[in-house]
Amino acid sequence: MHHLSPLLKQASQVCVDHGEGSWLVDTDGRRYLDFTSGIGVTSTGHCHPTVVAAAQAQVGRVIHAQYTTVAHRPMLELTDALAERMPESIDSVAFANSGSESVEAALRLARQATGRANIIVFDGGFHGRTMAAASLTTSGTKVRTGFHPMMAGVEVSPFPHAYRYGWTEEEATAFALRELDHILKTRTAPSDTAAMLIEPVQGEFGYYPANKAFMQGLAERCRQHGILLICDEIQAGYGRTGRFWSHSHFDVTPDIVITAKGLASGFPLSAIAASEALMSKGLAGSQGGTYGANAVACAAALATLEVIDSEQLVENAARQGELLNERLHGLKERFPMIDTLRGKGLMLGMEIADDFRTPRGDLAARLTSAAEEQGLLLLRCGTEGQIVRWLPPLTVSSAEVDEAVARFTRAVEQVAA
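Residues numbered from 1 in each chain as written. Predicted model: local features only at pLDDT ≥ 70, side-chain atom pairs only at ≥ 80, totals over all residues. Heavy atoms only, no water.

Draft legend 1. Structural view of the side chain of Glu233. The topology assignment puts Glu233 in the loop between strand S8 (228-232) and strand S9 (256-259). Within the buried set, Glu233 has no salt-bridge partner at all; the shortest N-O distance to an opposite charge, 10 Å, is to Arg243. (Helix = DSSP H or I, 4+ residues; strand = E, 2+ residues; numbered from the N terminus. Buried < 20%, exposed > 50% of the residue type's maximum accessible area, 1.4 Å probe, protein only. Lys, Arg positive; Asp, Glu negative; His and termini not counted. Salt bridge = Lys/Arg side-chain N within 4 Å of Asp/Glu carboxyl O.)

This is the structure in structure tokens:
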């Protein structure tokens, strides 16, 4: 690994030379089906011609036009394009580089706009690695350990993890809402609570979708108490779940939307969006950054939206996600180590466990390693690394879904032997 930090742990042994669509080719010329999408980033696949052309053209015009110094057309056009895709009340956008930065920008805006200090997050949420974002993250200790104390003012409320609790979804939802009400009575009064921040479909913890009753319960409590509802759409948004935004599965309207990952097909770009009235309640100068709204990244993001629309990728994600789910359920019937499947669209998690529902991260690691040998790249997540996650590009075809499942089947057979 040359001089790369030893703290960076890579999930595969692949050194990439180039990529195209759903495929990566290593420096030895071996081809891999990439069902990681750079953790959900390459939404239009690797090096989509439309995105490449837009980025190449922009590089020849201007690369860095710092957006609190000068404006540039790709940024202005992107704000319009994003506003068109937001809930009707949201019409104002600010940019940053990463999901963590936009999470922190949303936190800052919520506190400044409401004059309240506390934030409620939900058990299992992943919101980033920087100090405030890590303080809001409870999907695992790896992003929190070793640099305490965490930021104050964060309260953690249960998420309806029906599988983990061993309950029905209705039981888990009733429990989670009941505990949220208890928290508002015992740990953070509504008058001290600026916002509730949630991934409508949790990522790193294990691809747990929320449900309509739970999300609408949050929205109702937020309206009742003047608390802002923030939806972290960093991984689940941008068509990934078969809807453009994952919160739209649950018929709720957030006050703030956070997006990143699939926004620019691999270029570093993130954003928060809110109503202009809400944005105006923040402090002047509280948003910005040296590289935010980079001109090349914004051009790539505009091209990404063009591809999503012209190739109907949101619809494709729903259609191919249904096919992938069907194929993987067929495997589940054959192999007991696959305990359950969950998720939405092209964001599916496969829980690997023993006969007593004990998480088996060791088996999941063997599965992803065996899949790599078969030319299929997959990632793991979950507290024990027991979740095999399926995250192909939104451009994936039915033939590629079938090919990926065939390769994974050989991997499972190898591990189960």
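Draft legend 2. Representation of the packing of aromatic side chains in the model. This model, assessed by the stated rule, comprises twelve aromatic pairs. Measuring from ring centre to ring centre gives 6.1 Å for Phe35 and Trp390, while their planes differ by 85°; the resulting arrangement is edge-to-face. On the criterion of sequence distance, the pair formed by Phe35 in the loop between strand S3 (31-34) and helix H1 (37-40) and Trp390 in strand S15 (residues 387-390) is long-range, its members being 355 residues apart. Trp390 matches Phe35 in its accessibility class, with the two residues each being buried. (Phe/Tyr/Trp six-rings, centres within 6.5 Å; stacked < 30°, edge-to-face > 60°.)

Draft legend 3. Up close: the nonpolar core. Ranked by internal contacts, the top residues of the largest apolar core, which has 65 residues, are Phe95, Trp390 and Phe408. With nine residues, the top contributor of residues to this core is helix H10 (residues 295-310). Contacts of Phe95, omitting those with residues within four sequence positions, involve Tyr67, Met75, Leu78, Thr79, Leu82, Leu269, Ser270, Ala271, Gly292 and Ala293. Core analysis: the second largest hydrophobic core is formed by 27 residues, Leu107, Ala195, Ile234 and Ala260 among them. (Core = buried A, V, L, I, M, F, W, Y, C linked by side-chain atoms within 4.5 Å. Contact = heavy atoms within 4.5 Å.)

Draft legend 4. Structural view of the environment of Thr79. Mapped onto the secondary structure, Thr79 falls in helix H3 (residues 73-85). On a C-alpha basis, the gap between Thr79 and Phe95 in space is 9.2 Å, while along the polypeptide they are 16 residues apart. When residues no more than four places from it in sequence are discounted, the contact partners of Thr79 are Val93 and Phe95. Here Leu76 takes part through its backbone oxygen, which lies 2.6 Å from a polar atom of the side chain of Thr79. (Polar contact = N/O pair within 3.5 Å; in protein donor to acceptor, adjacent residues only side chain to side chain.)

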